[in-house]
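The primary structure of each chain is shown beneath.
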Amino acid sequence: MQAAAPLQPYSVERREVGPHDVRIEILYCGICHSDLHQVHDDWKGGIYPMVPGHEIIGRVAEVGASVHRFQTGMLTGVGCLVDSCRSCGPCQQHEEQYCVSGCVMTYNSYERDSKTPTFGGYSKQVVVDERYVLQVSDKLELSAVAPLLCAGITTFSPLKRFATKPKSRIGVMGLGGLGHMAVKIAAAMGHEVCMLSTSAKKAADAKRLGAHDFVLTTDADAERRLRRRFDLILNTVSAPHDVGAALNYLDLHGTMVILGAPPHGTQLHPGALIGGATQVAGSLVGGIKQTQEMLDFCAAHHLTADVELCGADEVNTAFARLRKNDVKYRFVIDMQTLN
Ligand code: NAP
Ligand code: ZN
Ligand code: ZN
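Description of the structure in this document. In this text the structure is predicted, and so the values were computed from the model without any measurement.

This part is about the coordination of the zinc ion (ligand 2). Here the zinc ion (ligand 2) is held by the protein donor atoms Cys 32 (SG), His 54 (NE2) and Cys 150 (SG), which lie 2.0 to 2.3 Å from it. Of note, the donors binding the zinc ion (ligand 2) are all from one chain and are spaced C-x21-H-x95-C. With His 54 in the loop between α1 (33–39) and β2 (56–63) and Cys 150 in the loop between α3 (142–145) and α4 (151–162), the pair connects residues that are 96 residues apart, well separated along the chain. The class for Cys 150 is buried, based on a relative accessible area of 4%.

Distances from the zinc ion (ligand 3) to its protein donors, namely Cys 85 (SG), Cys 88 (SG), Cys 91 (SG) and Cys 99 (SG), fall within the range 2.3 to 2.4 Å. Here the zinc ion (ligand 3) binds four donor atoms, and the angle range of 104 to 119° at the metal identifies the geometry as tetrahedral. Mapped onto the sequence, the residues coordinating the zinc ion (ligand 3) show the spacing C-x2-C-x2-C-x7-C. Within this pair, whereas Cys 88 is found in the loop between β4 (81–83) and α2 (89–92), its partner Cys 99 is found in the loop between α2 and β5 (104–105), the two being separated by 11 residues in sequence. Exposure remark for Cys 88: the relative accessible area of 13% places this residue in the buried category.

Attention now goes to the nonpolar core. Ile 31 and Tyr 122 are the most contacted members of the largest nonpolar core, which has 89 residues in total. The greatest single-element share of this core, amounting to seven residues, is contributed by strand β1 (residues 21–31).

This paragraph deals with the side chain of Ser 197. Here Ser 197 shows up in strand β9 (residues 192–197). Here the side chain of Ser 197 touches Ser 199 through a polar contact of 2.9 Å, landing on its backbone nitrogen. Aside from chain neighbours lying at most four places away, what touches Ser 197 is Lys 202, Phe 214, Val 215, Leu 216 and Thr 217.

Here we come to helix α11 (residues 315–323). Buried within α11 are the following residues: Val 315, Ala 318, Phe 319 and Leu 322. Seen from one end, α11 has its buried residues packed into an arc of 100°, which puts them on one side. Structurally, α11 contributes buried residues whose contacts are with β1, α1, β14 (307–310) and β15 (330–334). Two residues or fewer past α11, Asn 325 is found with a positive phi of approximately 65°.

Close contacts around ligand 1 come from 29 residues, with His 33, Ser 197, Thr 198, Ser 199 and Arg 330 the closest. Within the side chain of Asn 325, one N or O atom sits 2.9 Å away from an oxygen atom of ligand 1. Considered on its own, ligand 1 offers 920 Å² of accessible surface; in the complex 88% of this is hidden by protein. The set of elements that each furnish at least two residues to the shell around ligand 1 consists of α1 and α5 (177–188). Looking at the shell around ligand 1, the element that brings in the most residues is α1, giving three residues. Of the residues in the shell around ligand 1, the class split is 12 nonpolar, 15 polar and two charged.

Attention now moves to the pairing of strand β10 (residues 213–216). Burial of β10 is two-sided: the residues Asp 213 and Val 215 facing one way and the residues Phe 214 and Leu 216 facing the other way are all buried. Pairing of β9 with β10, which is carried by four bridges, proceeds in the parallel orientation. Pairing of Leu 196 across the sheet is with Val 215, part of β10. Once you follow β9 into helix α6 (residues 203–209) and on to β10, the crossover reads as right-handed.

So, about α5. Across its 12 residues, α5 extends 17 Å between first and last C-alpha, which sits within 8% of the 16 Å expected from 1.5 Å per residue. Of all 12 residues in α5, 10 are buried; the element is thus mostly enclosed. When α5 is considered as a whole, its buried residues turn out to be Gly 177, Leu 178, Gly 179, His 180, Met 181, Ala 182, Val 183, Lys 184, Ile 185 and Ala 186. Within two residues after α5, Gly 190 carries a phi angle of roughly 95°, on the positive side.

How each quantity is defined
- Residues numbered from 1 in each chain as written.
- Chains lettered and ligands numbered in written order.
- Predicted model: local features only at pLDDT ≥ 70, side-chain atom pairs only at ≥ 80, totals over all residues.
- Heavy atoms only, no water.
- Donors = N, O, S within 2.8 Å, 3.2 Å for Na, K, Ca; no water.
- Helix = DSSP H or I, 4+ residues; strand = E, 2+ residues; numbered from the N terminus.
- Buried < 20%, exposed > 50% of the residue type's maximum accessible area, 1.4 Å probe, protein only.
- Tetrahedral: all angles 85-135°; square planar, octahedral: opposite > 155°, others 65-115°.
- Core = buried A, V, L, I, M, F, W, Y, C linked by side-chain atoms within 4.5 Å.
- Polar contact = N/O pair within 3.5 Å; in protein donor to acceptor, adjacent residues only side chain to side chain.
- Contact = heavy atoms within 4.5 Å.
- Arc of directions from axis to C-beta.
- Near = heavy atom within 4 Å.
- Areas by Shrake-Rupley, 256 points an atom, 1.4 Å probe, with all protein chains shown as cover.
- Nonpolar A, V, L, I, M, F, W, Y, C, P; charged D, E, K, R; others polar.
- Pairing = 2+ DSSP bridges.
- Right-handed = clockwise from strand over helix to strand, strands pointing away.
- Expected span 1.5 Å × (residues − 1).

Below, the structure written as structure tokens:
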């Protein structure tokens, strides 16, 4: 498959299980909007053929001789990264996603040898070093746990970093895969959550997911209602939009964390930041240790994603619907349907 081509069956050879490796039979894999961006080479530099997928749930089928955290039959998760240098500052601080040498992403990346491409979770199996494998509770619906491996950690991480008041006032922009997990997790943490959406039809869902309020940002009086209202905004919007306008929704010294990664941005007028002494930050998924913390938090609070399960032969349809903003709120592929 080349950039922007429909997905089609492709054979992948996984490496032999090394002493520290775990071979995982994949049960479910979520479809993240990042898969769509990368299949379409929105971020440039894509490696093709590409096998997307970084929201992986599976069962251990084989372990290397030196593996001690996993045994055959255990439930596991694999998220967005599968290796890193392990010695730089960020790696030492459990922030492997910011590895100075560049972490090894689960797909559309190269192994540490800089030449072996990685292939993701839209597949039957994956072989991963145990340090980058997560432990998953068997108490939750597994298909609905898969999206936690990206959408869950990507929203949990900035909440841990920036929602420092016990009851922070949080705006979540964009009710999609990330947005719906942001609402659930922020509400479970005890924060006050307002959904900021461009889709009127999502209002009832936002409340059901745990949002205390819903504002349609395209409404004529939205700007007035939202002005200087939040301590923190998690911006999950996947398409170019006016970031500066949304900065007016932040209270004094408030922070907007950019999570959405549209193919190109919009200009930010300095006045938008200066006027309210606001700040803009970025955040990329989360480190392995924090991903485990997030999975444990979600298990303790019975939090999972709202998913639409699809077969491997329906992935192109799911992509088309995701592009049209038509999913409630994450597609997950049942990998047992892949032959
Ligand atoms: P998604 O399920 O498609 O949700 C994106 C949401 O953005 C939509 O539900 C929609 O919400 C809003 N939106 C879409 N087009 C819009 C437009 N033209 N104007 C305004 N709002 C629009 O996507 P996702 O999987 O949550 O991913 C969201 C973004 O985060 C993607 O760009 C993805 O690549 C990125 N991402 C980043 C990280 C990271 O580590 N930072 C991790 C994963 C994903 P409403 O209908 O409510 O307006
Ligand atoms: Zn993702
Ligand atoms: Zn490193």
